[in-house]
Amino acid sequence: MKRIAVFTSGGDAPGMNACIRAVVRGAVYHGVEVYGIRRGYSGMIAGDIFQMSSHSVSNIVQRGGTILKSARSKEFMTPEGRRKAYDKLQEHGIEGLVAIGGNGTFTGAMTFNNEYGIPTVGAPGTIDNDLYGTDYTIGFDTAVNTALDAIDRIRDTASSHDRVFFIEVMGRDSGYIAIQSGIGGGAELVMVPEVLTPITEVVETLRQGWSRSKASSIVVVAEGEEEGGAAEIADKIKSQIAEDIDMRVTTLGHTQRGGSPSAYDRILASRLGLGALEGLLAGQKNVMAGIINNELVYTPFEDTIRLPKPINEDLLRMVKILSI
């Protein structure tokens, strides 16, 4: 394999640039021509493909976002769109791909390889940490620390005014950000999509705190929680209590995606980028590079997409014990 391309797709995540850098410099080291594709599958269809060099990725390891930009492409979901993408790759002589993204990115890559035989190795770039086949995904550590910083600040004002704050963090299908930022921030309760937490249980937990003269509380809510978002949960709780409690809601939103990646994310992204590149050159395809127990592993896209990544129940148990 003499010519490969790298692209980012789906939601951006801090550390993607470090991963791009590792792919590009790894390719240069191995004597392989490397191209960048802007805006993911959308750019692939449009032919927005350009050659990269070691200099192309200078001074980006500390930058958030992705220099290759990202997009979601409905056209790539169609056979006609994938045909256009294949033709553009053929025009540039691209023999293999490194895809940095999540489930949707890998689903597209697997379908593309099955139809046109373009081998792809993925690197897990998503703040949600919801991909099977790796202990941590690129961007997760930074997102947790961003959420934790916000929780610490909100804790100050909650304590000053004796308020209950409901803080909504990202995690449509995964509660990893919620549980880790909640533990780190000393939350009284964490609500995640993986575990049903009835409103009655939330009310009871808050009342137990009030009975111990706890004047302020923090409830961290993953956006995919079955009972609803933080605002909806706060409204439900207000309707079930007679106490005059000052409740506030804060949604952290896309602040969790931005910012300079943490040291952990820079190192993780570099390992995964180089691992994906070297796996591709060694003949791997339709797999995701991941780190499990500090070892580089390759997991088939099919498993990464299909298999769930459950939250360790000990972490949920910790929240209950430590909030007493």
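One can find the structure itself at the top, above this paragraph.
Computed from a predicted model, the values in this text were never measured in an experiment. (Residues numbered from 1 in each chain as written. Predicted model: local features only at pLDDT ≥ 70, side-chain atom pairs only at ≥ 80, totals over all residues. Heavy atoms only, no water.)

Sheet architecture is open: four strands sit in the order E7-E8-E6-E9, paired in parallel fashion. The outermost strands of the open sheet, each flanked by one partner alone, are strand E7 (189-191) and strand E9 (246-251). In this sheet, adjacent strand axes meet at a mean angle of 20 degrees when their direction is disregarded. Looking at chain direction, strand E6 (residues 163-169) and strand E8 (residues 217-222) are connected through six bridges and run parallel. (Pairing = 2+ DSSP bridges. Helix = DSSP H or I, 4+ residues; strand = E, 2+ residues; numbered from the N terminus. Axes fitted to C-alpha atoms, helices over the stretch in contact; angles between N-to-C directions.)

On the surface, Met 318, Ile 321 and Leu 322 cluster together to form a nonpolar patch covering roughly 280 Å² of accessible area. Turning to its location among the elements, Leu 322 is positioned in helix H11 (residues 313-322). Note on Leu 322: relative accessible area 61%, which makes it exposed. (Patch = residues over 30% accessible without salt bridge, like charges linked within 9 Å, V, L, I, M, F, W, Y side chains within 5 Å. Areas by Shrake-Rupley, 256 points an atom, 1.4 Å probe, with all protein chains shown as cover. Salt bridge = Lys/Arg side-chain N within 4 Å of Asp/Glu carboxyl O. Buried < 20%, exposed > 50% of the residue type's maximum accessible area, 1.4 Å probe, protein only.)

If you walk across this open sheet you meet the seven strands as E3-E2-E1-E4-E5-E10-E11, and the pairing is mixed. A strand with exactly one partner marks an edge of an open sheet, and here the two such strands are strand E3 (49-52) and strand E11 (295-300). Pairs of neighbouring strands in the sheet enclose a mean axial angle of 30 degrees, with direction left out of account. Of the strand pairs in this sheet, strand E1 (residues 3-8) and strand E2 (residues 33-37) are connected by five bridges, and their pairing is parallel. The residue bridging Val 6 from the neighbouring strand is Gly 36, located in E2. Here helix H4 (residues 103-116) sits on the sheet and contacts E1, strand E4 (96-101), strand E5 (120-124) and strand E10 (287-292); the angle it forms with E4, its principal contact strand, is near 160 degrees. (Contact = heavy atoms within 4.5 Å.)

Now for helix H1 (residues 16-29). The first and last C-alpha atoms of H1 sit 20 Å apart over 14 residues, in line with the 20 Å expected at 1.5 Å per residue. Judged by how many residues are buried, H1 sits mostly within the fold: 10 of 14 residues are covered. Inspection of H1 places Met 16, Asn 17, Ala 18, Cys 19, Ile 20, Ala 22, Val 23, Val 24, Gly 26 and Ala 27 among the buried residues, and these make up the whole buried set. Next to the buried residues of H1 lie E1, E2, E3, E4, E5 and helix H9 (263-281). Count one or two residues on from H1 and you reach Gly 31, which has phi positive near 75 degrees. (Expected span 1.5 Å × (residues − 1).)

Under the criterion given, the structure shown has nine aromatic pairs. Judged by centre distance (5.8 Å) and plane angle (15 degrees), the rings of Tyr 136 and Phe 140 are stacked. With a relative accessible area of 3%, Phe 140 lands in the buried category. Ring-pair connections join several aromatic residues into one group, and the members of that group are Phe 7, Tyr 41, Phe 76, Tyr 86, Phe 112 and Tyr 116. The positively charged end of Arg 38 is found above the aromatic ring belonging to Phe 50, 4.0 Å away from the centroid. The lysine or arginine in question, Lys 309, covers the ring of Tyr 176, its NZ or CZ lying 5.4 Å from the ring centre. (Phe/Tyr/Trp six-rings, centres within 6.5 Å; stacked < 30°, edge-to-face > 60°. Lys NZ or Arg CZ within 6 Å of the ring centre and 35° of its normal.)

In this section: the pattern of salt bridges. Counting across every chain of the model gives 16 salt bridges. The residue Arg 82 makes a salt bridge to Glu 115 at a minimum N-O spacing of 2.7 Å. With Arg 82 in helix H3 (residues 79-91) and Glu 115 in helix H4, the pair connects residues that are 33 residues apart, well separated along the chain. The salt bridge involving Glu 188 is made with Arg 155; its shortest N-O contact spans 3.5 Å. Of this pair, Glu 188 sits in the loop between helix H6 (176-184) and E7 while Arg 155 sits in helix H5 (residues 140-161); the two residues are 33 residues apart in sequence, bridging distant segments of the chain. We note that Glu 188, like Arg 155, is buried.

Each α-helix turn comprises 3.6 residues. Residues three or four places apart therefore point the same way. With 14 residues, H4 ought to run about 20 Å at 1.5 Å a step, and its terminal C-alpha atoms sit 20 Å apart, in line with that. Taken as a whole, H4 has its buried residues at Thr 105, Phe 106, Gly 108, Ala 109, Phe 112 and Asn 113. For H4, the buried positions fall inside an angular range of 160 degrees around the axis, keeping them on one side. Across from the buried face of H4, at angles greater than 90 degrees, the exposed residues are Gly 104 and Asn 114. Once H4 finishes, Gly 117 follows within two positions and takes phi at roughly 70 degrees, a positive value. (Arc of directions from axis to C-beta.)

Read these as geometric descriptors, not functional statements.
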